[in-house]
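Secondary and tertiary structure notes
Take a look at the letters that make up each chain.
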Amino acid sequence: MNETYESETDVTEVLKQHKERQAKLADQMLAMTQNLKQVSVAARNIITQDNKNLELIDDTVDKNTVKLGKETAKLEKFNQSGGKCWVWSLIFVVMIIFYCYGYFYEAFPKKEVNYQMTKFVCNFIHHILCAMHANLSWIYF
């Protein structure tokens, strides 16, 4: 009888230990489940915020793309009109040379000097105009 009583107490102790282990495991599983839920909620919030940020960035990129298109059109227009600037600059240089020639002509009235200067200035202006016509003939005023 003593043996059965000891075996019954051993069995009850074993069952008691198993129940305690099961209770601990259940508590651990519950804690892990709650932790997993918290992590999932935090991840969902982060992903939602990231999606909002991506939408804002996408809108900004679209606006910048439109602005870039406008600026590109302006630059293309400016590049097309850039040749006119060179033409006007060359015309200005020719005018300055012609003015200097007139001043030189009045300052030194000697005929031989004036003839040589006239020949030089006329040849110079002729070369400039030929270069303008050859290189910039595709530009229309």
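Now for a look at the structure at hand. (Residues numbered from 1 in each chain as written. Predicted model: local features only at pLDDT ≥ 70, side-chain atom pairs only at ≥ 80, totals over all residues. Heavy atoms only, no water.)

With that settled, consider the environment of Leu129. Within the fold, Leu129 resides in helix H3 (residues 111-135). Relative accessible area serves as the criterion here: at 46%, Leu129 is assigned to the partly exposed category. Note: C-alpha distance between Leu129 and Ile91 (38 residues apart in sequence) is 8.9 Å. (Helix = DSSP H or I, 4+ residues; strand = E, 2+ residues; numbered from the N terminus. Buried < 20%, exposed > 50% of the residue type's maximum accessible area, 1.4 Å probe, protein only.)

All right, on to a negative patch on the surface then. On the surface, Glu55, Asp58, Asp59 and Asp62 cluster together into a negatively charged patch. The topology assignment puts Asp59 in helix H1 (residues 2-80). For Asp59, a relative accessible area of 42% gives the class partly exposed. (Patch = residues over 30% accessible without salt bridge, like charges linked within 9 Å, V, L, I, M, F, W, Y side chains within 5 Å. Areas by Shrake-Rupley, 256 points an atom, 1.4 Å probe, with all protein chains shown as cover. Salt bridge = Lys/Arg side-chain N within 4 Å of Asp/Glu carboxyl O. Lys, Arg positive; Asp, Glu negative; His and termini not counted. Charge placed at Lys NZ, Arg CZ, Asp CG, Glu CD.)

Another aspect to go through is the nonpolar core. Listed in full, the 5 residues of the largest apolar core are Val94, Tyr101, Val121, Ile125 and Ile128. For this core, the elements supplying multiple residues, two or more each, are helix H2 (82-107) and H3. If you tally residues by element for this core, the top one is H3, at 3 residues. Those residues in contact with Ile128 that lie beyond four places of it in its chain are Val94 and Ile97. (Core = buried A, V, L, I, M, F, W, Y, C linked by side-chain atoms within 4.5 Å. Contact = heavy atoms within 4.5 Å.)

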